[in-house]
Amino acid sequence: MDQYAALRANVGLLGTELGETLRQHLGDAVLARVEEIRQLSKEARQGNSQQAEQLRQVLTALSDDELLPVARAFAQFLNLANLAEQHFSISAAGRSSIEKPEPLTELFQRLKDTAIAKGDIQQAVRELSIELVLTAHPTEVARRTLIHKLTEIAACLAQLEHPQTDWQQQQLQLRLTELISQAWHTNEIREQRPTPVDEAKSGFAIIESSLWQAIPDFLRELDADLRRDLGTGLPLDAAPVRFSSWMGGDRDGNPFVTSKVTRQVLLLSRWKAADLFIRDLDLLSTELSMNTGSAALLDASEQASEPYRAVLNKLRQQLITTRDWLTEALKHDRLQRPADLIWHNQQLLEPLLLCFESLQQSGMQLIAQGRLTDTLRRAYAFGLTLLKLDIRQDAARHADVFAELTRYLGLGDYSAWTEKDRQAFLLRELANKRPLFPKNWQPSADVQEVLDTCDIVARHGNEALSTYVISMAGKPSDVLAVQLLLQEAGSSFAMPVAPLFETLSDLQNAPDCMRQLLIIDWYRGYINGRQEVMIGYSDSAKDAGVFAAAWAQYSAQEALVKLSKDYGVKLTLFHGRGGTIGRGGGPAHAAILSQPPGSLAGGLRVTEQGEMIRFKFGLPELAIRSLALYASAVLEGMLLPPPVPKESWRSLMSKLADDSCNAYRAVVRHNKDFVPYFRAATPEQELGKLPLGSRPAKRNPTGGVESLRAIPWIFAWSQNRLMLPAWLGAGNALALAVETGQTDLLDEMQQEWPFFATRLSMLEMVFLKADPEISAYYDQVLVPKALQHLGVELRQQLAADRELLLKLIHSDTLMAKEGWIRESIMLRNTYVDPLHILQVELLKRSRHDPEKISAQSNRALMVTIAGIAAGMRNSG
């Protein structure tokens, strides 16, 4: 039986509906052309070289008027295919085909067969702490308005699976046609770049449309599993998963994130939370009409005949007053906050808990555990600030503040001081009670901006803010500088300050940097036994290649775990992962279980970025599954940690890291043809024109590859399907290991060490997505003859690496054990291929004669970029 039949049926249904929309609005001729291209692409994918050539001829011969509708048709289809796939993964038909359909149930079953005591499992569940940090990135190509339509289409697919009358079936078909038509008539490319506030709103939208429902549903599921397998459920105040955000707080290299923007986002976040809780209270007030309650509840309701309603309506009215004040505060710079607002989470929780306890005491436990419990769970998970905001800033910006200040005070130039002198100055001032910044000092605009941000932090407090992340941190003074700035701003709470170690050398120096901090008495007092450290994945991989970066990340974490134990500090590692393999992405479950033993003891903090937020959390059922995968992986990592690597494994992995780094840098840094080849063979330069994220694509607009952000660097290579950053160097290193007789050891590492096994399975996925023929076509049309040799060499390397990997994993097929992922990639290829050919044609036209390229062709180029990103999925 074909286990993917239901998926293909839905893909077919959505494709037919899209075809009908094209026929209605563009006519039979355009539909026939699209259908011809689709058929040729399908046959070309099956190895028919004649059809492949014909496909290229048809696409390159398209007129200016045809380019845009054809590009849009295939891009739209990929969005619909992705949606069908998302739906399949949570449908009854799909659950039997996907990996780990019931991750928590499966884990608890497995734990029964171990010697782990029930008490230890309960303790691990109590300590479970997962914080998912939503981040905006330049690769989230779908607009919020389109995401809404796609969500509605998913709801139609779900309803079609249930028995329907003929009339209901007909109405659902009509609704489906209408939604696809709405999507077709909506610009998939934004007219303008989103602002950081727009990005923050997209985070709120995911909570409103999906996570608001998913969190209480997930906790009910976890509670049921615990009751069944351990005999005790979750405490009411359990919040094993929380959400934070970088949207509106991440100012690293983004000049558009200012202190004013951060204030606006913090207020909007509160506004949305108040609005969502008001809706919950509307519903609760309708349902909790009971007239008996505890003495405490009757007192609070002033002996009302319907005491629950009286208490809930009072809370609801206070929230409406708060929301109204926030509406006004968003229009004014500083507005005095009245005392009667609901501002602290305890004010929200007290009346809800009063109702809950009263129902329990009055014999109405079943009612207490219904919708009221859901609202309480939301209050603990989201609170009145909805998403806690991180602040991220580059270490150099904090140093600039003190350089300007010390020059003004006549103390010399902080920027020229040694690390020892900087630390002495900062620690002296941290212990000093008098203000450091003179009243009449007029700092430069850039320095004032840093000070204003610290002022916002001080005024909004720890319920609204999470962590202050310092990018490009490398020295203890980078951390102490932020702590002094926050103290000077009058911050009343010890905000966690996390250095972000992101380049290869920063990762290697991370343990030493943290040791120097932990020997400082003042510092240990400030952190109160808890330390957060952020591990960067993007820049380290861009700097040294995936193997070297992965080993540096692993080694740094291992050393930091040991260091924290030595100093009695609870360490939380914050993983700055992207959606792609080249940025630390890949299946979250496997990635978590490949971390060093002990690295999850302080909980898990991880970024969820751009398009991956939608793929993991865009529908409530999808979000429940994603949360279950996270929770089961972290629990497994705590209770069944991976082995400590043997010395022989470490030694070989260290050699693999060095060899792969040398091979990677030989191409990326030391080959004079590389940068011009990269610029010609990918749409890197054109990416900057696409109004995706609010952040500029480069830190330094005139620099080379080193100044390019890690995200567009990866994104560009996924567009031409060479996927270079995700594999370059790894195969060279593995080949050297095989040549020196290490095959048996590689085999042992693959069987027994999850870290190494995960590296190989990620390479498998990359090699399945890479397509040398498509890459060669980009080269043939776009790359000058003198540079084409480099593409040939890289594709030869890719082929050799692929063959070697298949030998090492003892398989003749990539991802043979991951049928679901394999099927999903193959399914989309038919629709991505025409977009690649169109993109090459449009790049050729726009580069050859930029003056003559029409607005329509320019838009078609943007559509191909967005469409390929949708087809490649984890693209940035």
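As for the overall build of the protein chain
Thought 1: Helix and strand counts for the protein chain stand at 37 helices and eight strands.
Thought 2: By principal-axis analysis of the C-alpha atoms, the protein chain measures approximately 85 × 80 × 65 Å.
Thought 3: Across the 876 residues of the protein chain, 59% fall into the buried class.
Thought 4: Considering only residue pairs separated by 6 or more positions, the protein chain has 82% of its internal contacts joining residues 24 or more positions apart.
Thought 5: For the protein chain, the accessible area works out to roughly 34,400 Å², and carbon and sulfur atoms hold 51% of it.
Thought 6: Of note, the protein chain has its 94 positive side-chain charges centred 2 Å away from the centre of its 105 negative side-chain charges.

Side note on the packing of helix H11 (residues 259–287) against helix H13 (residues 307–329)
Thought 1: For the pair H11 and H13, the least separation of the axes is 9 Å and the interaxial angle reads 155°. One finds that H11 runs roughly antiparallel with respect to H13. Between H11 and H13 lies a crossing whose hand is left-handed.
Thought 2: Along the lines of polarity and charge, the residues of the contact of H11 with H13 split into 13 nonpolar, four polar and seven charged.

Observations regarding the sheet that holds strand S4 (residues 465–471)
Thought 1: Strand order around the closed barrel formed by eight strands is S1-S2-S3-S4-S5-S6-S7-S8, with parallel pairing between neighbours. Across the sheet, the mean angle separating the axes of adjacent strands is 25° when strand polarity is ignored.
Thought 2: Looking at chain direction, strand S6 (residues 530–536) and strand S7 (residues 570–576) are connected through seven bridges and run parallel. Opposite Gly536, over in S7, you have Gly576 as the bridge partner.

Here's the deal with the confidence of the model for the protein chain
Thought 1: Here the protein chain averages 91 in pLDDT, while 95% of its residues score no lower than 70.
Thought 2: Predicted confidence for residues 580–586 stays below pLDDT 50, and this span has 37 contacts to residues more than four positions away or in other chains.

Comments concerning the packing of aromatic side chains
Thought 1: Applying the stated criterion across every chain yields a total of 31 aromatic pairs.
Thought 2: Centroid distance Phe674 to Trp717: 6.0 Å. Interplanar angle 25°. Geometry classified as stacked. Here Phe674, found in helix H28 (residues 674–681), pairs with Trp717, found in helix H30 (residues 710–719); they are 43 residues apart in sequence, far enough to count as distant. Take Phe674 and Trp717: they sit in the same class, and that class is buried.
Thought 3: Summarising the aromatic geometry, the rings of Tyr677 and Trp717 are spaced 6.4 Å apart at their centres and angled 35° between planes, so their arrangement reads as tilted. Residue Tyr677 is found in helix H28, and its partner Trp717 is found in helix H30; the two are separated by 40 residues along the sequence. Assigned by exposure class, Tyr677 and Trp717 land together as buried.
Thought 4: The residue whose ring lies beneath Arg270 is Trp343, and the NZ or CZ to ring-centre distance is 3.8 Å.

Some words on the environment of Glu221
Thought 1: Relative to the helices and strands, Glu221 resides in helix H10 (residues 196–230).
Thought 2: For Glu221, a relative accessible area of 33% translates into the label partly exposed.
Thought 3: The spatial distance from the C-alpha of Glu221 to the C-alpha of Glu818 is 26 Å, given a sequence separation of 597 residues.

Considerations on a nonpolar patch on the surface
Thought 1: Judged by side-chain polarity, Tyr408, Leu409 and Leu411 come together as a nonpolar surface patch covering roughly 270 Å² of accessible area.
Thought 2: Position of Leu409 among the secondary structure elements: in helix H16 (residues 395–409).

Some points on the pairing of strand S2 (residues 241–245)
Thought 1: For S2, a buried count of four out of five residues is recorded, marking the element as mostly surrounded by other parts of the structure.
Thought 2: Direction of pairing for strand S1 (residues 130–135) relative to S2: parallel, over a ladder of five bridges. Bridge pairing in S2 places Ile130 opposite Val241.
Thought 3: Relative to strand S3 (residues 388–394), S2 runs parallel, the two being bridged by two bridges. Of the residues in S3, the one forming a bridge with Ser244 is Lys388.

Structural notes on helix H31 (residues 730–739)
Thought 1: Within the sequence span of H31, burial applies to Ala730, Gly731, Ala733, Leu734 and Ala737. All buried residues of H31 lie within an arc of 160° about the axis, which places them on one face of the element.
Thought 2: Looking at the buried positions of H31, the neighbouring elements they touch are helix H23 (546–566), helix H27 (647–668), helix H32 (743–752), helix H33 (754–769) and helix H35 (788–808).
Thought 3: Immediately beyond the C-terminal end of H31, within one or two residues, lies Gly741, with a positive phi of roughly 75°.

Brief notes about the pattern of salt bridges
Thought 1: All told, the structure shown has 51 salt bridges when counted by the stated rule.
Thought 2: Here Arg845 and Asp64 are joined by a salt bridge, their closest N and O atoms 3.1 Å apart. Separated by 781 residues along the polypeptide, Arg845 in helix H36 (residues 819–848) and Asp64 in helix H4 (residues 64–90) bring together distant segments of the chain.
Thought 3: Among the ionic pairs, Arg845 bridges to Glu841, the shortest N-O distance being 2.9 Å. Of this pair, Arg845 and Glu841 both sit in helix H36, four residues apart, roughly one helical turn.
Thought 4: Given a relative accessible area of 22%, Arg845 falls into the partly exposed group.
Thought 5: Taking the relative accessible area as the measure of exposure, Glu841 reaches 7% and is therefore buried.
Thought 6: Salt bridges here are not isolated pairs; linked through shared partners, they connect Glu208, Lys272, Asp275, Arg279 and Arg323.

Quick look at the packing of H33 against H36
Thought 1: Between H33 and H36, the shortest axis-to-axis distance is 10 Å and the interhelical angle comes to 20°. The angle between the axes of H33 and H36 places the two elements in the roughly parallel class. Where H33 crosses over H36, the two elements pack in a sense that is right-handed. In contact with Met765, Leu768 and Lys769 of H33, H36 contributes Ile821, Arg822, Ile825 and Met826.

Thoughts on the environment of Ser564
Thought 1: Mapped onto the secondary structure, Ser564 falls in helix H23.
Thought 2: The class of Ser564 is buried, set by a relative accessible area of 6%.
Thought 3: Along the primary structure Ser564 and Pro476 are separated by 88 residues, whereas in three dimensions their C-alpha atoms are 16 Å apart.
Thought 4: Excluding residues that lie within four positions of it along the chain, Ser564 makes contacts with Val569 and Leu571.

With respect to the pairing of S4
Thought 1: For S4, the tally of buried residues reaches seven of seven residues, placing the bulk of the element in the interior.
Thought 2: Where S3 meets S4, five bridges bridge the pair, whose relative direction is parallel. Along S4, the bridge assignment pairs Gln393 with Ile470.
Thought 3: Note on the crossover from S4 through helix H19 (residues 476–488) to strand S5 (residues 497–501): the handedness is right-handed.

Brief notes about helix H17 (residues 419–430)
Thought 1: If you check H17, its first and last C-alpha atoms are 16 Å apart, about what 12 residues at 1.5 Å a residue would give, namely 16 Å.
Thought 2: Residues of H17 that are buried in the fold lie against H16, H19, helix H20 (504–518) and helix H21 (521–527).

Here's the deal with the side chain of Ser91
Thought 1: Structurally, the position occupied by Ser91 is in the loop between H4 and helix H5 (92–95).
Thought 2: Of note is the side chain of Ser91, whose polar atom sits 2.9 Å from the backbone oxygen of Phe88.

Comments concerning the side chain of Asp659
Thought 1: Mapped onto the secondary structure, Asp659 falls in helix H27.
Thought 2: Within polar-contact distance, the side chain of Asp659 engages the side chain of Lys655 at 2.8 Å.
Thought 3: Leaving out residues up to four positions away in the same chain, Asp659 has contacts with Ala733 and Leu736.

Here we look at the state of the cysteines
Thought 1: For the structure shown, the criterion picks out zero disulfides.
Thought 2: Between Cys454, a free cysteine, and Cys513, which holds the nearest cysteine sulfur, the sulfur-to-sulfur gap is 19 Å.
Thought 3: Classification of Cys454 by relative accessible area gives buried; the value is 1%.

Rules used in this analysis
Residues numbered from 1 in each chain as written. Predicted model: local features only at pLDDT ≥ 70, side-chain atom pairs only at ≥ 80, totals over all residues. Heavy atoms only, no water. Helix = DSSP H or I, 4+ residues; strand = E, 2+ residues; numbered from the N terminus. Buried < 20%, exposed > 50% of the residue type's maximum accessible area, 1.4 Å probe, protein only. Contact = heavy atoms within 4.5 Å. Areas by Shrake-Rupley, 256 points an atom, 1.4 Å probe, with all protein chains shown as cover. Lys, Arg positive; Asp, Glu negative; His and termini not counted. Charge placed at Lys NZ, Arg CZ, Asp CG, Glu CD. Axes fitted to C-alpha atoms, helices over the stretch in contact; angles between N-to-C directions. Parallel < 35°, antiparallel > 145°, perpendicular 65-115°, else oblique. Left-handed = near helix turned anticlockwise from the far one by under 90°. Nonpolar A, V, L, I, M, F, W, Y, C, P; charged D, E, K, R; others polar. Pairing = 2+ DSSP bridges. pLDDT = per-residue confidence, 0-100. Phe/Tyr/Trp six-rings, centres within 6.5 Å; stacked < 30°, edge-to-face > 60°. Lys NZ or Arg CZ within 6 Å of the ring centre and 35° of its normal. Patch = residues over 30% accessible without salt bridge, like charges linked within 9 Å, V, L, I, M, F, W, Y side chains within 5 Å. Salt bridge = Lys/Arg side-chain N within 4 Å of Asp/Glu carboxyl O. Arc of directions from axis to C-beta. Right-handed = clockwise from strand over helix to strand, strands pointing away. Expected span 1.5 Å × (residues − 1). Polar contact = N/O pair within 3.5 Å; in protein donor to acceptor, adjacent residues only side chain to side chain. Disulfide = S-S within 2.5 Å.

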